[in-house]
Amino acid sequence: MTHDLPQDGPADPARRLALGGALAATAATAAAVGAGAARAQDAAPSGHLSGKTAFVTGGARGIGLASAEAMARAGANVVLFDIATPNLPHVDYALSGPSDLAAAQAWIEGLGAQCMTYQGDVRNLSDLQDAMSQAVDLFGSLDIVLANAGVGHAGPIEDVAAERISTLYETNVGGYMKTTQAALPHLRDAGGGRIIYISSGLSRTGNPIFGSYGATKWAVNGFAKSAAMAYGPEGILCNVVAPGLVRTPFADNAATLSQMMPGVENPTFDAVSEMIAQGSTLGIGHHEPEDIAEAVLFFTTDAARHLAGEVMDVSYGDAARNVA
Ligand SMILES: NC(=O)c1ccc[n+]([C@@H]2O[C@H](COP(=O)([O-])OP(=O)(O)OC[C@H]3O[C@@H](n4cnc5c(N)ncnc54)[C@H](O)[C@@H]3O)[C@@H](O)[C@H]2O)c1
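Residues numbered from 1 in each chain as written. Predicted model: local features only at pLDDT ≥ 70, side-chain atom pairs only at ≥ 80, totals over all residues. Heavy atoms only, no water.

*Asks:* I'd like to hear about the overall build of the protein, residue by residue, with values.
*Replies:* Helix and strand content of the protein: ten helices and seven strands. In the protein, which comprises 324 residues, the share counted as buried stands at 55%. Partitioning the intrachain contacts of the protein with sequence separation of at least 6 by distance along the chain shows that 75% fall at a separation of at least 24. Entry remark: accessible area of the protein is about 13,100 Å², with carbon and sulfur atoms responsible for 54%. (Helix = DSSP H or I, 4+ residues; strand = E, 2+ residues; numbered from the N terminus. Buried < 20%, exposed > 50% of the residue type's maximum accessible area, 1.4 Å probe, protein only. Contact = heavy atoms within 4.5 Å. Areas by Shrake-Rupley, 256 points an atom, 1.4 Å probe, with all protein chains shown as cover.)

Encoded structure:
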């Protein structure tokens, strides 16, 4: 890899709060990172993404925010696009809120990078088109797109309500397709670019409690490979990062954890991670968002200039078990 990122972020407590997206903590986080923004005016990061603009869906927290941070540290201007609506029908856990999005922006600006936010829904093509037009007006180009906004669900296949199936597919599959459609004219204007899709380790294997969600992620891999073939000749390189379990509110919520550890009362994320670790290739059971961000960043580098249609597993060695 050609990038060289500072490694000091993960231990910073303000950063952990921003990445975790704990709603109750966001006011304190915003205050902490806001102070950083004022200090960092004359210390804009430089790196292989200097002068480039990265657009991140689901950027208010979790994998999206960690990836935005990695790209900002490499010099990119960042656009954080997020629904920022905690209570969405047919989703079992709280999504980000406006304060998460504001805190995320303050965090990125605290690094010295330029950051635009947009409260929008990846299910609406017009939201994506409007946000990307505004980003190009502001920063001059669009060069990298991270299709990341997604929702999850765990539970027996026979119990998944029709509305929930629609929400999963319209967000995780339709949202990625619309993100691609909205981005293409701008990436062409830039003379090429990179689209990185976040799928999942559940796109590689069956899983009885993630049947509906996992199917959306198998679809993501297929779509990304088609997009890679369609647009690779134009220099628009499409690749996938497929994470295993990652410590974000997407997984660290009661509805999901209780399905992953049936029979255990109020299981914690760490208990689930330990359970997975017992059978995992490398003896660990989860990743942190920064691990996924490193893989995303790789696909923005010169080292990845001849890659398209790849699916990179970041799954504590579970890729060793995959047959697909
Ligand atoms: N956390 C994991 O264990 C894990 C593992 C594998 C893959 N993934 C995938 O990684 C991606 C990011 O997940 P995360 O763990 O960071 O989750 P997260 O819930 O912490 O973050 C997702 C973000 O997307 C936003 N979002 C949701 N629906 C949206 C919509 N319709 N429009 C715009 N924004 C929307 C949310 O508000 C939130 O800020 C998802 O696609 C998920 O499927 C997560």
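After that view of the structure, there is still more to cover.
*Asks:* Give me the pairing of strand 3 (residues 115–119): which residues, what numbers.
*Replies:* With five bridges joining them, strand 2 (residues 77–82) and strand 3 adopt parallel strand pairing. Bridge pairing in strand 3 places Phe 81 opposite Tyr 118. In terms of handedness, the path from strand 2 via helix 4 (residues 98–110) over to strand 3 forms a crossover that is right-handed. (Pairing = 2+ DSSP bridges. Right-handed = clockwise from strand over helix to strand, strands pointing away.)

*Asks:* So, the side chain of Asn 239: which residues are in play, and what are the values?
*Replies:* With respect to the element layout, Asn 239 can be found in strand 6 (residues 236–243). The contacts of Asn 239, once residues within four sequence positions are left out, are Ile 195, Ile 196, Tyr 197, Phe 299, Leu 307, Ala 308, Gly 309 and Glu 310.

*Asks:* Kindly report on the sheet that holds strand 7 (residues 311–314), identifying the contributing residues and their values.
*Replies:* In sheet architecture, strand pairing relies on hydrogen bonds along the backbone and comes in two forms, parallel and antiparallel. Read across the sheet, seven strands follow the order 3-2-1-4-5-6-7 without closing on themselves; strand pairing throughout is parallel. One side of each edge strand has no neighbouring strand; the edge strands of this open sheet are strand 3 and strand 7. Across the sheet, the mean angle from the axis of one strand to that of its neighbour is 15°, orientation sign disregarded. Of the strands in this sheet, strand 1 (53–57), strand 2, strand 4 (144–147), strand 5 (193–198) and strand 6 touch helix 3 (residues 62–73), which is tilted by about 175° from strand 1. (Axes fitted to C-alpha atoms, helices over the stretch in contact; angles between N-to-C directions.)

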